[in-house]
Amino acid sequence: MSNFLNPKLSAIWHGGDYNPEQWPASVWDEDIALMQESSFKVATIGVFSWAKLEPHEGEFDFSWLDEVIEKLSAEDRYFILATPSAAAPAWMTQKYPEILRTGSDRVRRLHGNRVNYNLCSPVYRQKSALIARKLAERYGDHPRLLAWHLSNEYGGEDFSPETISAFRDWLKAKYGTIEALNAAYWTTFWSHCYSDWDQLDAPGVPHGEVSIQGLTVDWRRFITDATVDFMLNEAAPLREFSPDIPHTTNFMGTFPGLDYRKFTAHLDFASWDSYPGFGGSLDQTSVWISVAFKHDLTRGLSKNGKWMLMECTPNSSNWYETMSVKRPGVHKFEALQAVAHGADGVQYFQWRQSRGSQEQFHGGVVNHGTTNNGRIFGEVKQAGAALDALSNIASTAKRAEVAIIYDWSSRWALDAAVGPVLRDKGYEQTCIDHYRAFWEAGVSVDVIGTDSPLEGYKLVVVPMLYSLSESTSTNLSEYVLAGGTLVSTYLTAWTDENSLVFESGYLGPLRKVFGVWSEEIDALPVGQQVSICTGFDSKAERYSAVDFCELIHPTTSKAIAWYDDEFYAGRPAATVNNYGNGRAYYVGSRNDQRFTNQLMTSIMDDLGIEHLAGELLEGVTRQVRYGDEVEYHFYLNATSLSREVNTVGWGTVRLQPWQVEILERKISAGDEEPVLLAATEG
Ligand code: GAL
C-alpha cells in the first residue's frame, strides 16, 4: 500500500471547495484556466449540492456535474466528491419534517441553515444513503476521483424522539440492568434513582437534568456513536461501488462535541478545517502553536498518519468579529506549516467567492470583481508553486519520540464536574501549553489517545487526565514499568470513566506509578498567584502557579518543586518517582510556561531527545518529516520579523518574515554524520 493519500496523484494536493452549481456554466472554463494558473489541482465538489442533484424526490440530475467533471478532467484536474447530507433540500424537509433536527429546547427546527438533520431519522438515513449510492454508481470508478468527502463537519446534538429513544437503547446495551446504571451514576444522591429505562432522558436541556455527570458524559459518547453510525450509513454504498477510493471527513480540530477518535477506524485518512482567529495581529505565537497542535491531533486521528488540510481560508473568514485579511506571505506560511506537520494536501474554502448568502464575504481564491489580477489569487499561486516544489515530500512520514495524550472523555467530564472552579478548567489550553514546550524546542510531537500504543515513545505527557478507565490505567502503568517516562498534572485520575471519584481517592489506581497520593486541591481566584520554587537556597528558581494547587503527599517519589506560599508553603508541588524501569513525574499546580518549558527540557536532556530549546527565537520552530533515506527539516518563522536560527547541521540560517526553510539531510547508515543534500527555500 502506498503512502500517498491516493497514488493517483502523488504530490501534495492543492485545491479546495468548488461550487460551480452556484454559477452559470459560462464561468466554468475561466475557473479551470485559473485553476491551472494557480496549481489548484483538486476540486472538492458536491458538498452542498443536494438540491441541484435531486431537485425533486427521486429525480436525479447529474448532467451539470458530469460536465464539470469532464472539464476538470480534460484539463488535468482531479476531484474529491462529497456526500451532500450536510444540507437537505427544501422539498425533503417539507414532505418529511421529521428529518429536521430538534434542539435542546425540544423544539424541532425549521428548514434552513445546515447540519440541521435528525441524527436517527430513518427517512433521512435512507435518503442520504440513496444519494450516496447514486453518486457512487456514477462516479465511483472515475479515474480522476481521489477521495470521498463524507458529509461536511459532522457535529451537534439532536434531541428528536428517535434520537432519545436510541439513547435509551444505547444505555441498555452499555449497562444491562437499571441497577448497574444507578450504581454508575450514583443516583441515590438527591433521590435520582431510575426504575425504568423510559425515565432516562437526554441531559443538558435547559429545563431538564444537568446534575448527573455520568449521564452527561454518556450522552456525549452516545452522540459520537450515533454520528459515526450516521456516517457509516452513507459511506456503505461508497465502499460497495468504489472499494479503492479512500474515505475522509473534515474534522474541526478539538471540536468538543464529538470524540473524533471513534471515527479513526472508519476513515482512510484524516482531514480538518483550520480557521485560526487572530483578532487583528497575526504575530501571535500562541495561535500558531494552537494550529500546530491541531495539525498533530488530526494526524493522530488517522490510522496510518496520513492527513490533509481540507479547508483553510485563502484570506479572511467572514464569521469572525473582525474580518482582518491575511498579510502578504502568511498564506504560504500557513500552507507549509501544515505540510511540516505531515499534511499531504492543502485546500481552501472556497474557490470562487459566492455572490450572495451567508458566506458572500468569506475569502475565496477568486474574489469579487477579480480574476488572476487579485492579490489573494497571487498569494494562492505562490503557495501552489511552493507545494508543487515539494512533491518529493508527499507521503513521507512524521515520527515523534514525544507524545501528548488528548482525551475527549476527560474534557467532557471536567466540563461536567461542578468544581473545583466553575469557570472553564482549561483542559485544551493545558494540553497546548505542554505542547508549546516542545514546539518552542523544535521537537515533533504526536497527539494521541488514551488507549494508543505507547511503546516507542521516550516521553508521554498526560495533562489533566481527570477520568481514567481501567484500560488506560493499565496502558500508562505498563508503559512506565517497561521503562517509559510519564508526566501528568493536577486533576489527573480523579474519577473513573463514569465520573465517580475513585474509592481510594484522587489518583486512584495511579498512586503507585507516581508514588504520590493527592488529598485536596486549592482552587485560586482569577488573578491570584502562588509562588513555586525548586529549592530554598539562593540558587533555587522561582515560578508562579495559578488556578490549581493540588496538595500531594509523596510516598515513594521525591519532590522536585515546592510551594512557597499559603499554608502549604514548603510542601511538594511536583514530584518524580522511579517505577519499574521507568519514571513518572507529577506536577501538582498550574505553573507558568517557563516552569513547563524547563521541566520538559531537563527531561528531554535526561532521555537524550534531541532538541533546540534556547536556540530558537520566539515564534520559530523546527518540524521534521522522514523519507526512506532523507530527513526534511522545516524551520518555520511564524512572525512578521526577520529571525536568525541555529539549525542542527546547517549553522545559522536567516528566516525572513513568515518564511519556511526546508533543509534536507541524508539519513546515514550507522553513526556517520548526517550529510547535507540541499537547502530549499519553502
Ligand atoms: C467551514 C465549512 C465550510 C465553510 C467554511 C467557512 O467550517 O466546512 O463549508 O462554511 O467553514 O469558513
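Reading guide: rules and limits
Residues numbered from 1 in each chain as written. Predicted model: local features only at pLDDT ≥ 70, side-chain atom pairs only at ≥ 80, totals over all residues. Heavy atoms only, no water. Helix = DSSP H or I, 4+ residues; strand = E, 2+ residues; numbered from the N terminus. Contact = heavy atoms within 4.5 Å. Axes fitted to C-alpha atoms, helices over the stretch in contact; angles between N-to-C directions. Parallel < 35°, antiparallel > 145°, perpendicular 65-115°, else oblique. Buried < 20%, exposed > 50% of the residue type's maximum accessible area, 1.4 Å probe, protein only. Pairing = 2+ DSSP bridges. Near = heavy atom within 4 Å. Polar contact = N/O pair within 3.5 Å; in protein donor to acceptor, adjacent residues only side chain to side chain. Areas by Shrake-Rupley, 256 points an atom, 1.4 Å probe, with all protein chains shown as cover. Salt bridge = Lys/Arg side-chain N within 4 Å of Asp/Glu carboxyl O. Disulfide = S-S within 2.5 Å.

S.K.: For the environment of threonine 472, give the residues involved together with the corresponding values.
M.R.: Residue placement: threonine 472 occurs in helix 14 (residues 470-481). Residues within four places of threonine 472 in sequence aside, it is in contact with Thr450, Asp451 and Leu465.

S.K.: Now, about the packing of helix 6 (residues 161-175) against helix 8 (residues 213-241): what can you tell me, with residues and values included?
M.R.: Two numbers describe how helix 6 lies on helix 8: the axes approach to 10 Å, and their chain directions differ by 110 degrees. Between helix 6 and helix 8, the crossing angle belongs to the class labelled roughly perpendicular. Here helix 6 contributes Thr163, Ile164, Ala166, Phe167, Trp170, Leu171, Lys174 and Tyr175 to the contact with helix 8, which in turn contributes Leu215, Asp218, Trp219, Arg221, Phe222, Ile223 and Asp225.

S.K.: Please set out the pairing of strand 7 (residues 270-273) residue by residue, giving values where relevant.
M.R.: Burial along strand 7 is two-sided: Ala270 and Trp272 and Ser271 and Asp273, pointing in opposite directions, are all buried. For strand 6 (residues 250-251) and strand 7, the ladder comprises two bridges, and the chain directions are parallel. What sits directly across from phenylalanine 251, in strand 7, is tryptophan 272.

S.K.: Pulling in residues and values, what's your account of the site of the ligand?
M.R.: Residues in contact with the ligand, as listed here, are Phe48, Arg114, Asn152, Glu153, Asp273, Tyr275, Glu311, Trp319, Phe349, Glu359 and His362. In this structure, an oxygen atom belonging to the ligand sits 2.8 Å away from a side-chain N or O atom of arginine 114. Separating an oxygen atom of the ligand from a side-chain N or O atom of asparagine 152 is a distance of 2.8 Å. Protein contacts shield 95% of the accessible area of the ligand, which totals 310 Å² for the unbound molecule.

S.K.: Give me the side chain of glutamine 350: which residues, what numbers.
M.R.: Structurally, the position occupied by glutamine 350 is in the loop between strand 9 (343-348) and helix 11 (375-388). Discounting residues that sit within four places of it in the chain, glutamine 350 has contacts with Asp17, Asn19, Pro314, Glu359, Gly363, Gly364 and Val365.

S.K.: How would you explain the pattern of salt bridges if you had to name every residue and give the values?
M.R.: Counted under the stated rule, the structure contains 37 salt bridges. Glutamate 57 is the partner of lysine 127 in a salt bridge, and the nearest nitrogen-oxygen pair spans 2.5 Å. Taken together, the residues lysine 127 in helix 5 (residues 122-139) and glutamate 57 in the loop between helix 2 (50-53) and helix 3 (63-74) connect sequence positions 70 residues apart. Of the charged contacts, one joins glutamate 428 and lysine 294 as a salt bridge, the two residues approaching to 3.9 Å between their closest N and O atoms. Residue glutamate 428 is found in helix 13 (residues 427-440), and its partner lysine 294 is found in helix 9 (residues 285-300); the two are separated by 134 residues along the sequence. It is possible to trace a salt-bridge network through shared partners that takes in Glu30, Asp31 and Arg352.

S.K.: Before we move on, can you summarise the sheet that holds strand 9 with the specific residues and values?
M.R.: Spatially, 5-4-3-2-1-9-8-7-6 is the arrangement adopted by the nine strands of the open sheet, whose pairing is parallel. The open sheet has two free edges, formed respectively by strand 5 (247-248) and strand 6, since each of these has just one partner strand. When strand 4 (residues 145-149) meets strand 5, the two strands line up parallel, connected through two bridges. Within strand 5, the residue paired with tryptophan 148 across the bridge is histidine 247. On top of the sheet, helix 9 reaches strand 7 and strand 8 (307-311); it is set at about 150 degrees to strand 7, its chief contact.

S.K.: Residue-level account of the state of the cysteines, with values.
M.R.: Tallying each qualifying case throughout the model produces zero disulfides. Take cysteine 431: it sits in no disulfide, and the sulfur closest to it among the cysteines is that of cysteine 549, at 19 Å.

S.K.: Tell me about the pairing of strand 22 (residues 630-637), and name the residues and values.
M.R.: Put simply, side chains in a regular strand alternate between the two faces of the sheet. Across the eight residues of strand 22, eight count as buried, placing the element largely inside the fold. Of the two faces of strand 22, the one lined by Val630, Tyr632, Phe634 and Leu636 and the one lined by Glu631, His633, Tyr635 and Asn637 are each fully buried. As defined by bridge partners, strand 21 (residues 620-626) adjoins strand 22 across seven bridges and the pair is classed as antiparallel. Residue pairing in the sheet places arginine 622 in a bridge with tyrosine 635 of strand 22. Here strand 21 folds back onto strand 22, and the loop between the two strands holds three residues. One ladder, built from seven bridges, connects strand 22 with strand 25 (residues 660-666); its direction is antiparallel. Bridge pairing in strand 25 places glutamate 631 opposite arginine 665.

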